[in-house]
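# Observations on the model geometry
These are the residues of each chain, in order.
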Number of protein chains: 2
Amino acid sequence: MTSNDGGAAPDAELLTATTALGDALRELIETSVTTTADAAEVAAAAELVRTATARIGGRPRPVSQLPRLDDPSVGRRVFNPVTGIANPLAPPLVVRQDGDGVVAAATLGLAYEGPPSFVHGGMSALFMDQMLGSAAGAAGLWGMTAHLELDYRGPLPLQTPLVLRARVESSEGRKAHITGTIARAAEPEKVLVEARGLFVMPRPEKQAAYFGAITDASGKPSPPRRPGDATALRLA
Amino acid sequence: MTSNDGGAAPDAELLTATTALGDALRELIETSVTTTADAAEVAAAAELVRTATARIGGRPRPVSQLPRLDDPSVGRRVFNPVTGIANPLAPPLVVRQDGDGVVAAATLGLAYEGPPSFVHGGMSALFMDQMLGSAAGAAGLWGMTAHLELDYRGPLPLQTPLVLRARVESSEGRKAHITGTIARAAEPEKVLVEARGLFVMPRPEKQAAYFGAITDASGKPSPPRRPGDATALRLA
């Protein structure tokens, strides 16, 4: 096992393998919550997963160190839990600029279930927070969530194409007011979830306190130049 | 591969294997976002994961069919994406009754990261939505999220013990007002995230429309007797 400490330059082979692992895990997660296999087969699957963990474990990066594949300056955050192609928790949402805002499509499986056959209400909140942050990034703004508010007009069905949107309504100084919606792709005008957020850029002294210890993969100090890096528009 | 269609009775062997798979996947997810292994090792891990998927895939339950291990009537939802012991997306939160509300402890890894070294703001919203729903369940109430509102007073550090709380403030008819907080366990009085929610029980005709097609694992009609089943207190 060798380590690639090349910093921000994307290693194509590592990116391919890491993306493949993210995709494979996403499929296994959905399979694990829907399987009708018997206990012995499920136990055998668990053993294979433990073998995979042993294969790549043993020397994790510390929490203060960015992953080798990331370059926050261009919005590449491969392990973001909503948009990151290599984070198995993420559907992932592929966020694209659209007019004066951003848009993403998603079809969610049973791993995201709340009430039977519907998306968990908290998942809608998670996705909206990310979309609002991505809208800020797409507008050249940046900030961290200070206030988030959601109205649920109707439940979101699982296994059904959804469309998520967000746009910056206004901004002044360190603050940005951002709104977002979720609807079924088949009926995009009927909004099922509505979100409003206030995103605030931390003052310089707060930025230093929050991110002063962050380094890149080589150990070089690398505090985010923009706190909104974490929610920046994904390069799709 | 055989199927266990025993309905609500928990199959101990299946529960053990399913829980083990959830635990193993949770560990692999965290390892996959922190690994410093080289591309060949990461690719080998992906291949093992695909082998595991092939082992238990092929005959998934439909979205309208509850899993064999679940019994919503006693709050057992093993695949809930926040509290479900067998859902790899869930930390999982173990929610316990405490005084007139509920409490849960969590220490979150890098899979839940938003800004470098901190919990994603949307994850706080996801967890709070679940805690508010669990507080409703613990108080004998039930409902689906109608409104959720969060104030972020400070970022939540990763790899740090957190404490999450929620309690029903008031309820009338089909509506319940519920509040919640997240703080570091070491400084529980300093609230970092504050949530307020309105949960509403759908009218009977809505309940029928939402859940009329739901069956148990044997195919027997099994609409949730309480919509709040999905966010009920976990038996810990």
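Residues numbered from 1 in each chain as written. Chains lettered and ligands numbered in written order. Predicted model: local features only at pLDDT ≥ 70, side-chain atom pairs only at ≥ 80, totals over all residues.

## Some remarks on the overall build of chain A
Counted only if it meets this: Comment: elements are numbered from the N terminus, with helices defined as DSSP H or I runs of at least four residues and strands as E runs of at least two. We compute the radius of gyration from the C-alpha atoms alone; for a globule the expected value is 2.2 Å times N to the 0.38, where N is the number of residues. Partly exposed residues are those whose C-beta has more than 12 but fewer than 20 other C-beta atoms within 10 Å; 20 or more makes a residue buried and 12 or fewer makes it exposed, with C-beta atoms placed from the backbone. Residue pairs qualify as contacts under a 7 Å threshold applied to their C-beta atoms, which are placed from the backbone.
The helix and strand tally for chain A stands at four helices and six strands. Starting at the N terminus and ending at the C terminus, chain A contains elements arranged as α-α-β-β-α-β-β-β-β-α. Against the compact-globule benchmark of 18 Å for 236 residues, chain A has a radius of gyration of 19 Å, which places it among compact chains. With the principal axes as the frame, chain A shows a C-alpha extent of 55 × 45 × 25 Å. A total of 236 residues make up chain A; the buried ones form 56% of that total. For chain A, the proportion of contacts with a sequence separation of at least 24, taken over those separated by at least 6, is 67%.

## As for the environment of Arg 55 of chain B
Mapped onto the secondary structure, Arg 55 of chain B falls in helix H2 (residues 39-56). The residues contacting Arg 55 of chain B, other than those within four sequence positions of it, are Glu 41, Ala 44 and Ala 45 of chain A.

## Some points on the nonpolar core
Heads up, the rule is: In this usage, the nonpolar core is the set of buried Ala, Val, Leu, Ile, Met, Phe, Trp, Tyr and Cys residues whose C-beta atoms join them within 7 Å.
Counting 134 residues, the largest nonpolar core has Val 49, Met 131 and Ala 135 of chain A together with Val 49, Met 131 and Ala 135 of chain B as its most contacted members. If near-sequence neighbours (up to four positions away) are discounted, Met 131 of chain A is found in contact with Val 95, Val 102, Ala 104, Leu 164, Ala 166 and Gly 180 of chain A.

## Let's talk about the relation of the copies chain B and chain A
This is how it is decided: Our superposition of the copies is a least-squares fit, built on the C-alpha atoms of residues whose pLDDT is at least 70 in both.
Laying chain B over chain A is done by rotating through 180° and shifting 0.0 Å along the axis; what remains is an RMSD of 0.0 Å. Accordingly, the operation relating the two chain copies is best matched by a two-fold axis. Taking the C-alpha atom as reference, chain B places Glu 149 of chain B closest to the rotation axis, 2.1 Å from it.

## Quick look at the interface of chain B and chain A
How large an interface is tends to be reported as the accessible area lost when its parts come together. How we decide: Three residue categories are used. Nonpolar comprises Ala, Val, Leu, Ile, Met, Phe, Trp, Tyr, Cys and Pro, charged comprises Asp, Glu, Lys and Arg, and polar comprises the others, including Gly. Only strands that DSSP links by at least two bridges are regarded as paired with each other.
Taken together, the contacts link 87 residues of chain B with 87 residues of chain A. Secondary structure elements with two or more residues in the side of chain B that touches chain A: helix H1 (12-34), H2, helix H3 (121-138), strand S3 (144-152) and helix H4 (204-211) of chain B. Among the residues making up the side of chain B that touches chain A, the classes are represented as 51 nonpolar, 24 polar and twelve charged. As judged from the five bridges shared by strand S3 (residues 144-152) of chain A and S3 of chain B, these two strands associate in the antiparallel manner. Its bridge partner being in S3 of chain B, Asp 151 of chain A is matched across the sheet by His 147 of chain B.

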